[in-house]
Amino acid sequence: MAVTQIENAILITGGGQRIGAYLVRQFLQKTDFPVVFTSRTHRAEVDELVSLGAVAIQCDFTENNALPGLVEKLKQQISSLRAVIHNASLWLSDEQAPALSAEYSALFKVHVETPIYLNTELAQLLLASSNALKDIISISDYSVSRASDSNIAYLASKSALQNVAQGFAKKYAPDIKVNDIAPALIQFNVGDSNDYMQKRLAQSALPIEPGAEVVWQAVNYLMNSSYTTGATLQLDGGRHLL
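Predicted model, so just to flag it, every value in this text is computed and none were measured. (Residues numbered from 1 in each chain as written. Predicted model: local features only at pLDDT ≥ 70, side-chain atom pairs only at ≥ 80, totals over all residues. Heavy atoms only, no water.)

### Description of the overall build of the chain
Point 1. Scanning the chain for helices and strands turns up eight helices and seven strands.
Point 2. The C-alpha atoms of the chain give 18 Å as radius of gyration, which agrees with the globular expectation for 242 residues (18 Å, within 12%).
Point 3. With respect to the three principal axes, the spread of C-alpha positions in the chain is 60 × 40 × 40 Å.
Point 4. Considering the chain as a whole, with its 242 residues, one finds that 47% of them fall into the buried category.
Point 5. Residue pairs in contact within the chain that sit at least 24 positions apart in sequence constitute 71% of those at least 6 positions apart.
Point 6. Accessible surface, the chain as shown: approximately 12,000 Å² in total, 52% of it carbon and sulfur. (Helix = DSSP H or I, 4+ residues; strand = E, 2+ residues; numbered from the N terminus. Rg over C-alpha atoms; globule rule 2.2 N^0.38 Å. Buried < 20%, exposed > 50% of the residue type's maximum accessible area, 1.4 Å probe, protein only. Contact = heavy atoms within 4.5 Å. Areas by Shrake-Rupley, 256 points an atom, 1.4 Å probe, with all protein chains shown as cover.)

What follows is the structure, given as structure tokens:
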């Protein structure tokens, strides 16, 4: 008996927690697009998203040869993609990821190698979408525009991710739009001190903790814009003004 494949799916990498999980929920609740997401590890939130109708695939992008297996699974389950959202991210300081270490390599595997490989291997699924608009969206980091002496490797990998978006925007135009979202402060972590939070809020002209909703708004804008490609959309609350 033939298995019905998913059409016009949204693929979200790193969709098992935080902003990625929020995006999964929003697509399920506010659109008709089916959602497939990857998660590095199994967690209770993954089960919750699956119960809502999403399809979860466990994949650790830091592992060698993980990506070909992921693509094979995707092609078995999906006949077309409406969008690919590169949300998977790994934050490590230079102290945690010194040059030549496995951790250093992991930053570039997750932020650079994975998007390049998936953009290349999944292009035909995007082109197969019945939707007039097809999108690849990466999520980088506002801080690549500012110098750091403690997160050099992390920001270098995120800067490369922005360059990847621009390169594929040129390569895939006019058929597939490719853009990047560069967030600054989106939401605090549990355990952040009040002093730290106040310091971070004071860095922006709009001193608020906006939450993942603003990322959803940015994704919606890019997916519905027929005239935006090769762009980096800054979500910085006016931080560049100060």
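### Here's the deal with the nonpolar core
Point 1. Formed by 31 residues in total, the largest nonpolar core has its most connected members in Val36, Leu70, Leu74, Ile78, Leu81, Leu122 and Val178.
Point 2. Elements that contribute at least two residues to this core include exactly β1 (9–12), α3 (66–77), β4 (81–86), α4 (102–121), α5 (123–127) and α6 (152–172).
Point 3. For Val36, the residues in contact, after removing those within four places along its chain, are Ile6, Ala9, Ile10, Leu11, Ile12, Val55, Ile57, Leu74 and Ile78.
Point 4. Ile19, Phe37, Trp216 and Leu222 belong to the second-largest nonpolar core, a separate cluster that totals 26 residues. (Core = buried A, V, L, I, M, F, W, Y, C linked by side-chain atoms within 4.5 Å.)

### Thoughts on the pairing of β4
Point 1. Burial analysis of β4 places six of its six residues in the buried class, which makes it a mostly covered element.
Point 2. Across four bridges, β1 lies against β4 in parallel orientation. Across the sheet, the residue bridging to Ile12 is Ile85, located in β4.
Point 3. In the sheet, β4 pairs with strand β5 (residues 135–139) via four bridges, with the strands oriented parallel. Note that in β5 the partner of His86 across the bridge is Ser138. (Pairing = 2+ DSSP bridges.)

### Things to note about the packing of α3 against α4
Point 1. At their nearest, the axes of α3 and α4 sit 11 Å apart, and the two run at 35° to each other. Note on packing geometry: the crossing formed by α3 with α4 is right-handed. Contacts from Leu67, Pro68, Leu70, Val71 and Lys75 in α3 reach Glu113, Thr114, Tyr117, Leu118 and Glu121 in α4.
Point 2. Tallied by class, the residues present in the contact of α3 with α4 amount to six nonpolar, one polar and three charged. (Axes fitted to C-alpha atoms, helices over the stretch in contact; angles between N-to-C directions. Left-handed = near helix turned anticlockwise from the far one by under 90°. Nonpolar A, V, L, I, M, F, W, Y, C, P; charged D, E, K, R; others polar.)

### Quick look at the sheet that holds strand β2 (residues 35–39)
Point 1. Read from one edge to the other, the open sheet built from seven strands follows the order β3-β2-β1-β4-β5-β6-β7, with strand pairing classed as parallel. On the outer flanks of this sheet lie β3 (55–58) and β7 (232–235), each paired with one strand and no other. Geometrically, the sheet is characterised by an average inter-axis angle of 20° between neighbouring strands, direction not taken into account.
Point 2. Sheet contacts for helix α1 (residues 18–30): β1, β2, β4 and β5; angle to β1, the most-contacted strand, approximately 170°.

### Focus on the packing of aromatic side chains
Point 1. The final tally for this structure, using the stated rule, is five aromatic pairs.
Point 2. Between the aromatic rings of Trp91 and Tyr154, the centroid separation amounts to 6.1 Å while the plane-to-plane angle is 55°, which identifies the pairing as tilted. Linking Trp91 in the loop between β4 and α4 with Tyr154 in helix α6, this pair joins segments that are 63 residues apart in sequence.
Point 3. A centroid spacing of 5.3 Å and a plane angle of 55° characterise the contact between Phe168 and Tyr172, whose relative ring orientation is tilted. Within this pair, Phe168 and its partner Tyr172 are both found in helix α6, separated by four residues, close to a single helical turn. (Phe/Tyr/Trp six-rings, centres within 6.5 Å; stacked < 30°, edge-to-face > 60°.)

### Quick word on the environment of Glu95
Point 1. Along the chain, Glu95 turns up in the loop between β4 and α4.
Point 2. Residue classification places Glu95 among the exposed residues on the basis of a relative accessible area of 77%.
Point 3. A sequence separation of 56 residues divides Glu95 from Asn151, and the C-alpha atoms of the two residues are 8.4 Å apart.

### Let's talk about the pattern of salt bridges
Close approach of charged atoms allows side chains of opposite charge to pair.
Point 1. Counted under the stated rule, the structure contains six salt bridges.
Point 2. As a salt-bridge pair, Glu48 and Arg25 come within 3.2 Å of each other at their nearest N and O atoms. Placement of the pair is Glu48 in helix α2 (residues 44–51) and Arg25 in helix α1, with a sequence separation of 23 residues.
Point 3. In this structure, Glu113 and Lys109 form a salt bridge, with 3.9 Å as the shortest nitrogen-oxygen distance. Of the two residues, Glu113 and Lys109 both sit in helix α4, four residues apart, roughly one turn of that helix. (Salt bridge = Lys/Arg side-chain N within 4 Å of Asp/Glu carboxyl O.)

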